[in-house]
Structures are given as C-alpha cells and as structure tokens.
Amino acid sequence: MKRKYAKSCGGAAMLLISPVFAQTKTEVWCLLSGIYPGIGYSGVGLMEAQTPWSGYYEVWPATWITAHTTQFADPGWRYMDKACAKIDPATWGGSYVTLRNPKTGDWSMIVCADKPVTLQVQVAGKLAKGDVHVWKSNERIQFVEEKPLRLTSGAFSVSLEGNSVYTLSTTTGQKKGAHPTPPPAADFPLPYKDDFESYAAGVMPKYLCDQKGSFETAKRADGKGICFKQIVPKEGIPWGGRAGFPNTVFGDKLWTNYTIQADVLIAAGKAGMGGRYTYGQFLGWDFALQQDGAWSVQVPYVANGQESVKSLATGKIVDFAPGKWHHLAVSLKGEDMLVTVDGKEVTRVKYEGYAKRLNGMAYLLSSYDPNCFDNLSVTP
C-alpha cells in the first residue's frame, strides 16, 4: 500500500486505506476512579466517584472519546496496520487509526485532529463502500453525529475541525447514553466506625485505600469475627523509589482535630496509626508500636525544602503483653498529640511551629507482617 501526503493550502492529506492487518489493543486505567482527592493517580480514568458514600459521580468526556472506538468496532475487528498513521509525518499533531470487520468489510477510522485539516480518503480492496457516518467530540461537545458522507468512485473528502476527535465509519446504531442526575457530593461521614463484620474474609472494605503493602479482611485467630489484616510478606519493586511501611488511608484531607482508634494485634514487627496524612512515605503524625512494647512518634518535617520525617518521642511500655490484642488511640488537636494504649496514656507531645500541615486523612500502618486491626473508628 502507498500513502501520499499533499501539502495544499487547506492542510489537505491524501489517505489510502486498504485491508492489511495487525492486532493490538488499548487499555484504560481505571474505568471508574474512586481514588481520594490528593492521592496518587486520582483524577484518572473515564468516570470519577471520589465520594462514593454520597452517590455522586461524574461522567468525563474521556468516556465519549473511548466510545469513538468501542461503539464502532467489536471483538474480532482488526486494526489495518497500513491505514494507521500520522496526518503530518513530521509531528504527532494529528493521527488516525482504522479497523476492519474481516467478515463484512465494514470499517471505522478514528481521527485525532490537532489542527483544521481536510482529508481525502480512497477506500480500496474489499472494504465496504457505503455511506460514511461521521461522529465528533471536542471540549465543547461530545459524541455528536454529523451529516453522513457519500463515496464518489470509492473516495470521499471531509473537513475536520482542530482539537477534535472524529470517527468515520460504515457502521450504524451508535448512541450517546444518558444518566440520571446524581445526588450532590458530601463530606466523608464523621464520626466513622467499622468493625468489618459485614464483610467476608479476603476482601477490601469500603473507604480504606492502600498506598503501600496490601490490607484485606481476615478471620480473627481467636474466632471473634472478622478483622483487617496486612498480608504482604515483603516489599516488592516500588514505583518512583517510594520507601516506607505499608499503610492504608481513609477519611477527608480537610480533617484537622480528631481521634483515631482501633484494636491492634501485632504478630511481628510493628503496627500503628496516625492522622494528617501527607503523601507517600511521609505519612503524617503517627504512633507505631512494636511487639515488645517499644514505641515511637513520628511527624512530617521539612529541611532545606525537602519533605522528610523526624521522631518526636520514643519509649517502651513496661510489661507489654506480646501477641495480644491492644486498644490504641491517637488524638490530634492543634499542635498537640495524645497517645493511649489500653486506655492508659503513653505519651503526650507538642509539635510547635509546624503550621505547614495540620490537616489530612487518617491511616493505619504496619510492617511487612500479618498485623491485624479491628473496631476502627474516628471521632471529632
């Protein structure tokens, strides 16, 4: 197949499509994003539901950009390798791909037009040569059908607007879906509590969002129902060199003064909780407890413009019972942090002068060990 590009005044391009085949696929992640605002990779995908407890969601224009392919090709269609290219060979300012139904000869061409351009298309081989249906999307309108085109001697010409996506196809039956108006978004419910008894073992409970390691529901070893457990035995290959311990976050990034508490079973290593989540390995204000009763309080810290962490206090609980369930509570109020274990005060610290971040979500943390949490709650 030969492809020729014309340099005429209207930005015209001469294209020839003929049935030469290749296979490929496109993956979109994620289809429906329920990732908290401010967490890595939030704001991606086709639809978003950042406050699923409220029922609010948004259908993004990317949904209809995807429809420019999915409503015009079915499983079994093939990309035609020699009918996929740049509009301008020198840049990626515009491009097109073409797929064919190997049984019927129907075809669909998806065009991304960076600038206004006129395409002159010659349909060759055993491809269908009926009317060409035109669908268009851009930042103003999504998935709108335009007037169909007629072939003349197996060819047609079409003028495309810039910053737009088009599908040119011999298929019919496409439709833009509709959806009811969702309820308004609402803040994360506070007070919050979960005893995990509404879940089977081995699932991810609502609203807890793992950032490192992996947490899921599990049966308690003492037979007293379901708990929440860290299950990854060692660190994998981190993206972007992110260090730190397994952690899972939840709540509202605007939370400031609150108490997070839970029953904790430290099988090995350490486990704990905290609040005012920052990001990545720079978690926030947290308390971590080891199996032997040793504990530490860490907080975010900025030195020479770089985010880091520092220890505010350490100690050891006398006669701490290892391998038993213990009730941990961390209370944050302004610059003050109060920690209790089994109802007894362990430490009270003041982080003076750190006004950079006194808000953020709550989180649980663990070493890479099967440590467990139960009866989780957050109260103002």
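Look a little higher up for the structure.
The notes below deal with the structure included here. Note that this is a predicted model, so its numbers are computed, not measured. (Residues numbered from 1 in each chain as written. Predicted model: local features only at pLDDT ≥ 70, side-chain atom pairs only at ≥ 80, totals over all residues. Heavy atoms only, no water.)

### Topic: the overall build of the protein
Step number 1: The helix and strand tally for the protein stands at 1 helix and 28 strands.
Step number 2: Relative to its length of 380 residues, the protein is extended, with a C-alpha radius of gyration of 28 Å against a globular reference of 21 Å.
Step number 3: Its C-alpha atoms give the protein principal-axis dimensions of about 90 × 50 × 40 Å.
Step number 4: Here the protein, with 380 residues, has 44% of them falling under the buried criterion.
Step number 5: In the protein, the share of contacts with a sequence separation of at least 24, taken over all contacts with a separation of at least 6, comes to 63%.
Step number 6: For the protein, the computed accessible surface area is about 19,400 Å², with 54% contributed by carbon and sulfur atoms. (Helix = DSSP H or I, 4+ residues; strand = E, 2+ residues; numbered from the N terminus. Rg over C-alpha atoms; globule rule 2.2 N^0.38 Å. Buried < 20%, exposed > 50% of the residue type's maximum accessible area, 1.4 Å probe, protein only. Contact = heavy atoms within 4.5 Å. Areas by Shrake-Rupley, 256 points an atom, 1.4 Å probe, with all protein chains shown as cover.)

### Notes on the environment of Asp88
Step number 1: You can see Asp88 is positioned in the loop between strand S6 (85-86) and strand S7 (94-100).
Step number 2: Spatially, the C-alpha atom of Asp88 lies 43 Å from that of Thr51, the residues being 37 residues apart in sequence.

### Comments concerning a nonpolar patch on the surface
Step number 1: A contiguous nonpolar patch, built from Val28, Leu31 and Leu32 and spanning about 280 Å² of accessible area, is present on the exposed surface.
Step number 2: For Leu32, the location among the structural elements is in strand S2 (residues 32-33). (Patch = residues over 30% accessible without salt bridge, like charges linked within 9 Å, V, L, I, M, F, W, Y side chains within 5 Å. Salt bridge = Lys/Arg side-chain N within 4 Å of Asp/Glu carboxyl O.)

### Observations concerning the packing of aromatic side chains
Geometry of an aromatic ring pair is reported as the spacing of the ring centres plus the angle between the planes.
Step number 1: Applying the stated criterion across every chain yields a total of 20 aromatic pairs.
Step number 2: Pairing Phe72 with Trp135 gives two aromatic rings, centres 6.1 Å apart and planes at 65°, and the pair type is edge-to-face. Of this pair, Phe72 sits in the loop between helix H1 (61-70) and strand S5 (78-79) while Trp135 is found in strand S10 (residues 132-137), placing the two residues 63 residues apart along the sequence. Taken individually, Phe72 and Trp135 each receive the classification buried, so the pair is uniform in this respect.
Step number 3: Overall, the relative accessible area of 5% leaves Trp135 in the buried class. (Phe/Tyr/Trp six-rings, centres within 6.5 Å; stacked < 30°, edge-to-face > 60°.)

### Side note on H1
Every α-helical turn comprises 3.6 residues, leaving residues that sit three or four positions apart pointing alike.
Step number 1: Of all the residues in H1, the buried ones are Thr63, Trp64, Ala67 and His68. End-on view of H1: buried residues confined to an arc of 155°, all on one side of the axis.
Step number 2: Of the surrounding elements, those touching the buried residues of H1 are strand S3 (47-48), strand S4 (58-59), strand S8 (107-113), S10 and strand S13 (164-169). (Arc of directions from axis to C-beta.)

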